[in-house]
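Commentary on secondary and tertiary structure
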Amino acid sequence: MKKNKHDAKTGEVVDDDDEMKFVHDSSLDYAGKIPLRSSTGSWKASFFIIAIEFSERLSYFGIATNLGMYLAKVLHQDLTTAVKNVNYWSGVTTLMPLFGGFLADSYLGRYNTVIGSCIIYLMGLVLLTLSWFLPSLKPCAHTTTCTKPRKIHEVFFFLAIYLISIGTGGHKPALESFGADQFDDDHIKERRQKMSFFNWWNCGLCSGLILGVTLIGYIQDNVSWGAADIILLGVMAFSLLIFVIGRKIYRYRKPNGSVLAPMFQVIVAAISKRKLPYPSSPSQLYEVSKAEGNNGRFLAHTKKLKFFDKAAIVENGGNIEKEQSPWRIATVTKVEEMKLMINMIPIWIFTLPFGMCAAQTQTFFLKQGQIMDRKLGHSFEFPPASIFTISAIGMIISVAFYDKFLVPILRKITGNERGMNILQRIGFGMVFSIITMIVAALVEKKRLKIVEANPLKGSLSMSVFWLAPQFLIIGFADGFTLVGLQEYFYDQVPDSMRSFGIGLYLSVIGAANFLCGWLITIVDHVTIKNGKSWFGANLNTSRLDKFYWLLGGITTLNMFVFVFFARNYSYKTVQNVAVRDSYDGKNDHGGEEVRMV
């Protein structure tokens, strides 16, 4: 087979002959061969993947949104115990994707991780269903007189939801990165399709969320918890079957051992050579040939974090054979991958305030909705969690508008194939989160005035749809920032760490929830010293409006810092041609063809 040709200006693979029949991005087909482009990957594969994400989000939100209610109504836990158990479960569910992403990238592979995590997920749903229907596992023998559930039911129930938590930990990072793997970065059409993939992935996610908090929530409230469990089990099993049916059209990536080991190797090699002088030219730094690199992508040398370049300095008169240990010498690509991970730390930190704003939708926003008028017509009253669907609808609207309208216009204006770069998209969503907090503060102020004017009826005289604007706007924010974060942590991590990268994205949301809890504790401690806490015994004695103003102020200040770092951020720069000793001093990147991603 002839070598692939590349456009000298863009560095992209030329799509004008039969060489483009195959995908040369180190992926393999189900038989372990180079994938045929026409019959694998792209949208035909990703639709199978989005389908199983839809069902997983349906199950997750069907359980998560009413978990506190189950603990209170069925297990008869007091408010403090129930909230504590929900937080523990949410914390484990948030942290598990880091571990699941590491296993997927390092040892199991993304496809196998998805299959394994789905089986664990199904085991959890089976136990959840049995704990409701099996006579020996039911909460109580006589439901009408039950005041304390059986211990065996509690054991099986918690075992079930934590199995679901573990399943989510492997499913979320591996499935999303596996879906993005179906598009070839070196093919211009597929690369643009990948940019749309993250948008439509979130549309599928939001669709599952909407059904989870409405239909499943309604069945839990008005039919039975067991009936809802059977539906979730059936949908998840069916979607797994669909996912397996598509196995012949997927593109796979082979794991190559621990993805964290090369990071430590670069650090050790750089420290061991810390006293060596820097070479006069980047061309003197070590890089393998394309043949030795297994057709992997090579990263161009950058001038930032220069200390780590010492890991790639060649000693012993240029005799590489004498220093083959990866703990002694690293390639330029490995060094640049280390730099990428360090460059991500400020971005990760400065997106936490956004996550704190987004966290209000599942805590205080929903608490407000519970005590407001939720009637539609004269008799129908929808479940409190259903108001969350407005946020999901806002996200769907924003990603569809961005993908189909905004991106084509911005491409013509900026010349950037993304329309705007990833960090600009994230920053744009932060603006919406600030607006959300302002609107939420004004609405809460109005609600408190209504309660003050009519203490007996309270906020029941105020429609829950007063909360619609803040839910809708935070949905717009999610469509820009959350989708942007997914794309950022997938694209900007080393190619071998993409599932781990999705785990990092999810950890932003989890860490923001913990950070928000700590902020509430601090604010409560400070304000109670000044006379009255902002967080009273109930919402009518609290001052959530002031808390929303505080969050808005924190996010505003944070956004300016984020913009500063974003303007100086160096994106991953890929070389399409990189051969050892091919440096000729033409540029600082050490190659003739360079592309920003």
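Summary of the structure given here. None of the values given here were measured: they were computed from a predicted structure. Within each chain, residues carry numbers counting from 1 in the order of the written sequence. Only residues with pLDDT of at least 70 are given local features in this predicted model, and only at 80 or more are side-chain atom pairs given and counted; all residues enter the totals for whole chains, interfaces and linings. Side-chain metrics rest on all non-hydrogen atoms present in the structure, leaving aside hydrogens and water.

A few points about a positive patch on the surface
Threshold: Patch definition: residues with relative accessible area over 30% and no salt bridge; like charges joined within 9 Å; nonpolar side chains (Val, Leu, Ile, Met, Phe, Trp, Tyr) joined within 5 Å. The method behind every accessible area is Shrake-Rupley, applied with a 1.4 Å probe, and residues are considered shielded solely by the protein chains displayed. The rule for a salt bridge is simple: a side-chain nitrogen of Lys or Arg has to be within 4 Å of a carboxyl oxygen of Asp or Glu. We treat Lys and Arg as the positive residues and Asp and Glu as the negative residues; His and chain ends play no part in the count. Charge positions are represented by NZ for Lys, CZ for Arg, CG for Asp and CD for Glu. Working definition: helices are DSSP H or I runs of at least four residues, strands are E runs of at least two. Numbering for both runs from the N terminus. A 1.4 Å probe rolled over the protein chains alone gives each residue an accessible area, and that area as a share of the maximum for its type sets the label: buried under 20%, exposed over 50%, partly exposed in between.
Together, Lys-445, Lys-446, Lys-449, Lys-532 and Lys-546 make up a region of like positive charge exposed at the surface. Ranked by the residues each element gives to the positive patch, the list is headed by helix α13 (residues 422–453), at three residues. Lys-532 sits in the exposed class, given a relative accessible area of 56%.

Re the side chain of Asp-29
Heads up, the rule is: Residue contacts follow a heavy-atom distance rule, with two residues in contact if any of their heavy atoms lie within 4.5 Å.
Structurally, the position occupied by Asp-29 is in the segment before α1 (42–64). No salt bridge is formed by the buried Asp-29; the nearest opposite charge belongs to Lys-33, separated by 6.6 Å. If sequence neighbours within four positions are ignored, Asp-29 has contacts with Ile-34, Pro-35, Tyr-250 and Tyr-252.

Some points on the pattern of salt bridges
When the charged atoms of two side chains lie near each other, side chains of opposite charge can form a pair. Counted under the stated rule, the structure contains 18 salt bridges. In this structure, the salt-bridge partner of Glu-56 is Arg-57, at a minimum N-O distance of 2.6 Å. By the burial criterion, Glu-56 is buried, and Arg-57 matches it. Among the ionic pairs, Asp-495 bridges to Lys-572, the shortest N-O distance being 3.0 Å. With Asp-495 in the loop between α14 (468–491) and α15 (498–529) and Lys-572 in the loop between α16 (544–567) and β4 (573–575), this residue pair connects regions lying 77 residues apart in the sequence. The exposure class of Asp-495 is partly exposed, given its relative accessible area of 23%. Here Lys-572 falls in the buried class, since its relative accessible area comes to 1%. Via salt bridges that share partners, Asp-185, Lys-194, Asp-495, Arg-498 and Lys-572 belong to a single interconnected network.

Observations concerning unusual backbone geometry
At Ser-42, a position not held by glycine, the phi torsion is positive, near 60°. Mapping Ser-42 onto the fold places it in helix α1. Looking at Ser-42, the relative accessible area reads 11%, which means it is buried. With a phi close to 50°, Leu-305 is a non-glycine residue in the positive phi region. Looking at where Leu-305 falls in the secondary structure, it is placed in the loop between β1 (298–299) and α9 (332–350).

Everything listed is a geometric property; what it means functionally is a separate question.
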